[in-house]
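# Breakdown of the fold
Chain by chain, the residues:
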Amino acid sequence: KQWYQRRVAITAGDEEPANDVDKVNEIAKEDEEDEFNMADYDNEDDINGEKIFGAGLTGVTYFANPEDDPYITLPQIAKDDDDTYAIKPTDSLICCAKLDGDMSNIEIHLWNADDETFYVHHDILLDKFPLSVEWLSFDAGDQEEIEGDRSPGNYIALGCMSPQIEIWDLDIVNTSEPVTLLGERIKTSKKKPKIGKKGHCDAVMGMSWNKLTPNVLASGSVDCSILLWDLETATAKECLTHHKDKVQTVCWHLAESTTLLSGGYDSTCQVVDCRTKNSKLWNVEGEVEQVLWDVTNPYSFLAGTSTGNVVCFDIRQEKPIYTIAAHDSEVSGVAMTKLVPGLLATCSADRVVKIWNIANNKPNCVTTREFSDAGSLHCLSFCPDSPTMLAIGALSGGLLMWDISTNKDFRDAFNNTFQGS
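Described in the following lines is the structure provided in the data block. (Residues numbered from 1 in each chain as written. Predicted model: local features only at pLDDT ≥ 70, side-chain atom pairs only at ≥ 80, totals over all residues. Heavy atoms only, no water.)

This brings us to the pairing of strand β10 (residues 204–209). Most of β10 is tucked away: 6 of the 6 residues are buried. Relative to strand β11 (residues 216–221), β10 runs antiparallel, the two sharing 5 bridges. What sits directly across from S208, in β11, is A218. Hairpin geometry of β10 and β11 is characterised by an intervening segment of 6 residues between the two adjacent antiparallel strands. (Buried < 20%, exposed > 50% of the residue type's maximum accessible area, 1.4 Å probe, protein only. Helix = DSSP H or I, 4+ residues; strand = E, 2+ residues; numbered from the N terminus. Pairing = 2+ DSSP bridges.)

This paragraph deals with the sheet that holds strand β25 (residues 364–370). Read across the open sheet, the 4 strands follow the order β22-β23-β24-β25; overall the sheet is antiparallel. Of all the strands in the sheet, just β22 (331–336) and β25 have a single pairing partner and so form its edges. Neighbour-to-neighbour, the strand axes of this sheet turn through a mean angle of 20°, independent of strand direction. Of the pairings in the sheet, the one linking strand β23 (residues 343–348) to strand β24 (residues 352–357) comprises 5 bridges and is antiparallel in character. For L343, the partnering residue across the bridge sits in β24 and is N357. (Axes fitted to C-alpha atoms, helices over the stretch in contact; angles between N-to-C directions.)

The pairing of strand β16 (residues 268–273) with strand β17 (residues 278–283) spans 6 bridges and is antiparallel. Directly across from V272, in β17, lies its bridge partner S279. Joining the antiparallel neighbours β16 and β17 is a turn of 4 residues, in which K277 adopts a positive phi near 70°.

Another point: the sheet that holds strand β5 (residues 117–126). Neighbouring strands of a sheet are bound in pairs by backbone hydrogen bonds; such pairs are parallel or else antiparallel. Ordered by their spatial adjacency, 3 strands build an open sheet running β3-β4-β5, and the pairing between neighbours is antiparallel. Two strands close off the open sheet at either side, each with one partner strand: β3 (92–100) and β5. Here the average twist between neighbouring strands, direction ignored, is 25°. In the sheet, strand β4 (residues 103–112) pairs with β5 via 9 bridges, with the strands oriented antiparallel. Among the inter-strand pairings, N112 is bridged to a residue of β5, identified as T117.

Our next topic: a nonpolar patch on the surface. Nonpolar side chains collect at one region of the surface, where L99, F129, L131 and M161 lie side by side and expose about 330 Å² of accessible area between them. Following the sequence through the fold, F129 ends up in the loop between β5 and β6 (130–136). With relative accessibility at 34%, the residue F129 sits in the partly exposed group. (Patch = residues over 30% accessible without salt bridge, like charges linked within 9 Å, V, L, I, M, F, W, Y side chains within 5 Å. Areas by Shrake-Rupley, 256 points an atom, 1.4 Å probe, with all protein chains shown as cover. Salt bridge = Lys/Arg side-chain N within 4 Å of Asp/Glu carboxyl O.)

Moving on to the packing of aromatic side chains. Under the criterion given, the structure shown has 7 aromatic pairs. With centroids separated by 5.4 Å and ring planes inclined at 70°, the aromatic side chains of W282 and F301 adopt a geometry described as edge-to-face. A residue pair is termed long-range when its members are at least 10 positions apart, and W282 in strand β17 and F301 in strand β19 (residues 300–305) qualify at 19 residues. Looking at W282, the relative accessible area reads 2%, which means it is buried. When its relative accessible area of 0% is taken as the criterion, F301 is described as buried. Taken together, a centroid distance of 6.1 Å and an interplanar angle of 45° make the contact between W282 and F313 tilted. (Phe/Tyr/Trp six-rings, centres within 6.5 Å; stacked < 30°, edge-to-face > 60°.)

To continue, consider the side chain of N309. Residue placement: N309 occurs in strand β20 (residues 309–314). A polar contact is formed between the side chain of N309 and the side chain of T307, at a distance of 3.4 Å. Excluding anything up to four places from it in sequence, N309 contacts E285, A303, G304, T323, I324, A325, A326 and V331. (Polar contact = N/O pair within 3.5 Å; in protein donor to acceptor, adjacent residues only side chain to side chain. Contact = heavy atoms within 4.5 Å.)

On to the pattern of salt bridges, then. Tallying each qualifying case throughout the model produces 11 salt bridges. One salt bridge in this structure joins E318 and K280, with 3.6 Å as the shortest N-O distance. Here K280 lies in strand β17 and E318 lies in the loop between β20 and β21 (322–325), a separation of 38 residues in the sequence. Residue class for K280 comes out partly exposed when judged on its relative accessible area of 28%. Here K408 and D412 are joined by a salt bridge, their closest N and O atoms 2.8 Å apart. A residue pair is termed a helical-turn pair when its members lie 3 or 4 positions apart in one helix, as K408 and D412 do in helix α3 (residues 408–413) at 4 residues. The exposure class assigned to K408 is exposed, which follows from its relative accessible area of 53%. Overall, the relative accessible area of 48% leaves D412 in the partly exposed class. Via salt bridges that share partners, D127, K128 and E166 belong to a single interconnected network.

Bringing unusual backbone geometry into the picture now. Of note, E116 is a non-glycine position whose phi angle comes to about 60°, a positive value. The exposed category is assigned to E116, whose relative accessible area is 71%. Its identity is not glycine, yet R351 carries a phi of approximately 75°, on the positive side. Inspection of the secondary structure puts R351 in the loop between β23 and β24. We classify R351 as partly exposed; its relative accessible area is 33%.

If you want it as structure tokens, here you go:
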């Protein structure tokens, strides 16, 4: 524009007219140099940065921080605040394994009752199909990388279609690999499960962390075995083979660190003393979907079956204490909380969650809720800090939440043991 105006001025007679075309071109060249400061291009101050060398990159300068690059003049997009990942003392975290089409991942949801927030805090991408998840606080990382004593944290053991168990650190955002692997990943039906580094030889269906002996994890597998893992050395120390078919669920006793409860496709519930490997079994109708120790009675446990029943046994007796015809389809989840004695929750593939009062071994259905859009319900768990909040895993819709204290029938039934709003 500057060159054009001067040229117009010359031809208009404001300055001495140009005698030839060369003079006009000379003026245009001078103006271009003034506009882009080309005459001082080689005299610019040196730029501090890291030189990159390689094919097609020789002489290119790289800046770790874009704000240090003098050629970037546009404002940078603000990064997410650290507050996005901050966790308050009143927050609760819920971990669930999820399958969405061909993609599998672990989602860590944040829930806060005070400000009614519920969202996915962060997630972990997986390269395999998850079958079971177990939370633990024991640091199962490589001993050579741990300085001093192991500090408690937030970890999950992940059982998959492969024989290998993965231990993930939930306190690390955007992590790409597990901190520890238990067993070998290669599946083979010709070999048997072994103690040591090899572990299971087929998919892992259920796990239970021993809170009384924190370095011990029990796992049940399609290979009909239960392995007891030492998380400090990432090796299997014991192999239990008292089941005759797939082992779907395992659960450590709440007070006896060597007593393990299990259930499987062989239609049996079994309690084993891991010191002697002696076991006692109870037969049920159908396959055992999940087992659970009664939080109010150290001698009794409950089992959900594929026939829709919930059966309660006393380990000192041969016959069941009672049997509940709980659902029209398999009982996929049973849960209790020690904060509300007698409270039992069950869920099923029939899309229904039922709340029971089993105090004094007299089970009574308090209330039910149907999640019609859920497809089917796979599991459920009580929040350890908020005893009336249920987390429910569904086929459709993912993670569902239900505060059962909002139900009047529940409040009336548990008025003596729970003071809710």
